Amino acid sequence: MNIGNLHFKNNVFLAPMAGVTDIAFRGLCVQMGCGLVYTEMISAKALYYKSENTEKMLEVSEEEKPVGVQIFGSDPYTMAKACDYFNDNDDICLVDINMGCPVPKVVKNGEGSALMRNPKLAAEIVREVKKASVKPVTVKFRKGFNEREVNAVDFAKEMEEAGADAVTVHGRTREQMYEGKADWDIIRQVKESVKIPVIGNGDVFSVEAAIKIKELTKCDGIMIARGAQGNPWIFKQIQQILNGEEVIYPTDDEKIELCIRHFKKAIHYFGENKAIREMRKHTAWYIKGLKNCTEIKNAVNSEKSAEKVFEILNNYKQMLSK
């Protein structure tokens, strides 16, 4: 798959997710065959004011390079200035502009999916970022703000005209947040309306769904978000089925082993205290559906020592294998 002057080994990407796609998780997904990973959503304004915490979010490991960075904001000048951080950074291969985030505090600032209600401003942002960036510029947006304002097709055309090198379409409205069913037909309509690559996003929780979204929409790429939570194997599995190979699903042991490996990576990058907090949600995702998973999740959530957490998980693995 090509975006601008970039060529990717495959067209299955990890979506940027706040609080999820950090440096530890991204590396695992690349190891599992993900074609491109993205940083968490980065505030252009925070970069402009040189926020130390925001700059830390841009750290990239050797195993995941290069990555896509996703920025958000509503001021064209500030968004363009953010490119100063990326132009000379070979770890970053493209700049994605978030125009789909549905979170109220983001929308209230006129950012994220609020920009779908202001296509003129959205296009100006893309033009300014495109002028400032030496990397390809892409845009991620939704079906529309609500069912009365479904404008993804016209919005995509405006983004293309403004200079976007590719677009990602999430088949839900802002009003839906992450509820209900994603509308894949709107992705098909966008694909038929523009010449730039279109990446489909929404409700890709399985290999079968990945194949189906590709067939129904003819999208150039697939972006997986919640479907990768606790399941980085999904990237490898999609490649297996596309290559005509047998799809290999992880055993209970393998799920817990990868959870432990993920935990150790998080400790390496963030230190024990932060890793313990951040890994609680990931642990719940890894063991979801396994026997006694709620009991184990509660036990892990009550611990403040990594050593104790590893003990719980290793004992759990032994219990499941009996």
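Figured I'd write up the structure that's included with this text.

Points about the nonpolar core
The nonpolar side chains of soluble globular proteins are, as a tendency, buried together. Core analysis: the largest hydrophobic core is formed by 79 residues, its most contacted members being M99, F141 and M159. Ranked by size, the runner-up nonpolar core spans 26 residues in total, among them L258, F263, A266 and V300.

Overview of helix α11 (residues 252-270)
When the terminal C-alpha atoms of α11 are compared, their 27 Å separation across 19 residues agrees well with the 27 Å that a helix rising 1.5 Å per residue should span. In this fold, the buried residues of α11 make contact with α1 (23-31), α10 (233-242), α12 (272-287) and α14 (306-320). Remark: G271 follows α11 within two positions and exhibits a positive phi of approximately 85 degrees.

Quick notes on the pattern of salt bridges
Taken as a whole and judged by the stated rule, the model has 17 salt bridges. Between K130 and D165 there is a salt bridge, and its shortest N-O distance comes to 2.5 Å. Residue K130 is found in helix α6 (residues 119-132), and its partner D165 is found in the loop between α7 (152-162) and β8 (166-173); the two are separated by 35 residues along the sequence. Take K130: its relative accessible area is 30%, and that puts it in the partly exposed class. For E147, the salt bridge identified is with K143, shortest N-O distance 3.2 Å.

Looking at the sheet that holds strand β4 (residues 38-43)
One key point about sheets: their strands pair by backbone hydrogen bonds, in either a parallel or an antiparallel sense. Taken in spatial order, the eight strands of this open sheet run β3-β10-β9-β8-β7-β6-β5-β4, and their pairing is parallel. Each having just a single partner strand, β3 (12-14) and β4 make up the two edges of the open sheet. Put simply, the sheet's adjacent strands are angled 30 degrees from each other on average, direction ignored. Here strand β6 (residues 92-99) runs beside strand β7 (residues 137-144); their pairing, made up of five bridges, is parallel. Considered in β7, the bridge of M99 is made with F141. Relative to β7, α7 is tilted by about 165 degrees, and along the sheet it contacts β6, β7 and β8.

Some details on the packing of aromatic side chains
Evaluated as defined, the whole model comprises seven aromatic pairs. Consider the rings of Y48 and Y77, whose centres lie 6.1 Å apart with planes at 75 degrees: the pair is edge-to-face. Remark: Y77 occurs in helix α4 (residues 76-81) and Y48 occurs in helix α2 (residues 44-48); sequence separation between them is 29 residues. Its relative accessible area of 36% is what places Y48 among the partly exposed residues.

As for the environment of V134
Its location among the elements puts V134 in the loop between α6 and β7. A relative accessible area of 58% places V134 in the exposed class. Counting along the chain gives 51 residues from V134 to C83, while the straight-line C-alpha distance between them is 8.2 Å.

Overview of unusual backbone geometry
Most peptide bonds are trans, and most residues other than glycine sit at a negative phi. Residues K65 and P66 are joined by a peptide bond in cis, for which omega reads -15 degrees. Look at D203: it is not a glycine, yet its phi comes out positive at around 65 degrees. Within the secondary structure, D203 sits in the loop between β9 (198-201) and α9 (207-217). Although it is not a glycine, N292 sits at a positive phi angle of roughly 60 degrees.

Brief notes about the layout of surface pockets
With a probe scaled to a water molecule rolled over the atoms, the places where space remains empty come into view. A volume near 640 Å³ is recorded for the largest pocket. Residue lining of the largest pocket: 33 residues in total, with P16, M17, A18, P102 and Y178 positioned closest to the centre. Elements with a contribution of two residues or more to the lining of the largest pocket: β4, β5 (67-72), α5 (104-108), β7 and β8. Tallying contributions element by element places β7 first for the lining of the largest pocket, with three residues.

Topic: the pairing of β6
β6 sits mainly inside the fold: eight of its eight residues count as buried. Both β5 and β6 contribute to a ladder of five bridges, which runs parallel. The partner of G68 across the bridge, within β6, is L94. Traced from β5 through α4 to β6, the parallel crossover comes out right-handed.

A short note on the packing of α11 against α14
At their nearest, the axes of α11 and α14 sit 9 Å apart, and the two run at 170 degrees to each other. As far as their axial angle goes, α14 and α11 are roughly antiparallel. Each of D252, D253, I256, E257, C259, I260, F263, K264 and I267 in α11 lies in contact with α14, whose residues at this interface are A306, V309, F310, L313, N314, Y316, K317 and L320. Grouping the amino acids of the contact of α11 with α14 by side-chain chemistry returns 11 nonpolar, one polar and five charged.

Re the side chain of T217
Relative to the helices and strands, T217 is located in helix α9. Looking at T217, the relative accessible area reads 1%, which means it is buried. In terms of polar contacts, T217 uses its side chain to reach the backbone carbonyl oxygen of I213, at 2.6 Å. Within the structure, T217 has its side chain in polar contact with the backbone nitrogen of C219 (distance 3.1 Å). With near-sequence residues (within four places) excluded, T217 lies in contact with W184, I187, R188 and K191.

Thresholds applied
- Residues numbered from 1 in each chain as written.
- Predicted model: local features only at pLDDT ≥ 70, side-chain atom pairs only at ≥ 80, totals over all residues.
- Heavy atoms only, no water.
- Core = buried A, V, L, I, M, F, W, Y, C linked by side-chain atoms within 4.5 Å.
- Buried < 20%, exposed > 50% of the residue type's maximum accessible area, 1.4 Å probe, protein only.
- Helix = DSSP H or I, 4+ residues; strand = E, 2+ residues; numbered from the N terminus.
- Expected span 1.5 Å × (residues − 1).
- Contact = heavy atoms within 4.5 Å.
- Salt bridge = Lys/Arg side-chain N within 4 Å of Asp/Glu carboxyl O.
- Pairing = 2+ DSSP bridges.
- Axes fitted to C-alpha atoms, helices over the stretch in contact; angles between N-to-C directions.
- Phe/Tyr/Trp six-rings, centres within 6.5 Å; stacked < 30°, edge-to-face > 60°.
- 1 Å grid on protein atoms, 1.4 Å probe; cavity = no way out; pocket = protein on both sides within 12 Å on 5 of 7 lines; lining within 4 Å.
- Points joined across faces, edges and corners; volume = space filled by probe spheres on them.
- Right-handed = clockwise from strand over helix to strand, strands pointing away.
- Parallel < 35°, antiparallel > 145°, perpendicular 65-115°, else oblique.
- Nonpolar A, V, L, I, M, F, W, Y, C, P; charged D, E, K, R; others polar.
- Polar contact = N/O pair within 3.5 Å; in protein donor to acceptor, adjacent residues only side chain to side chain.

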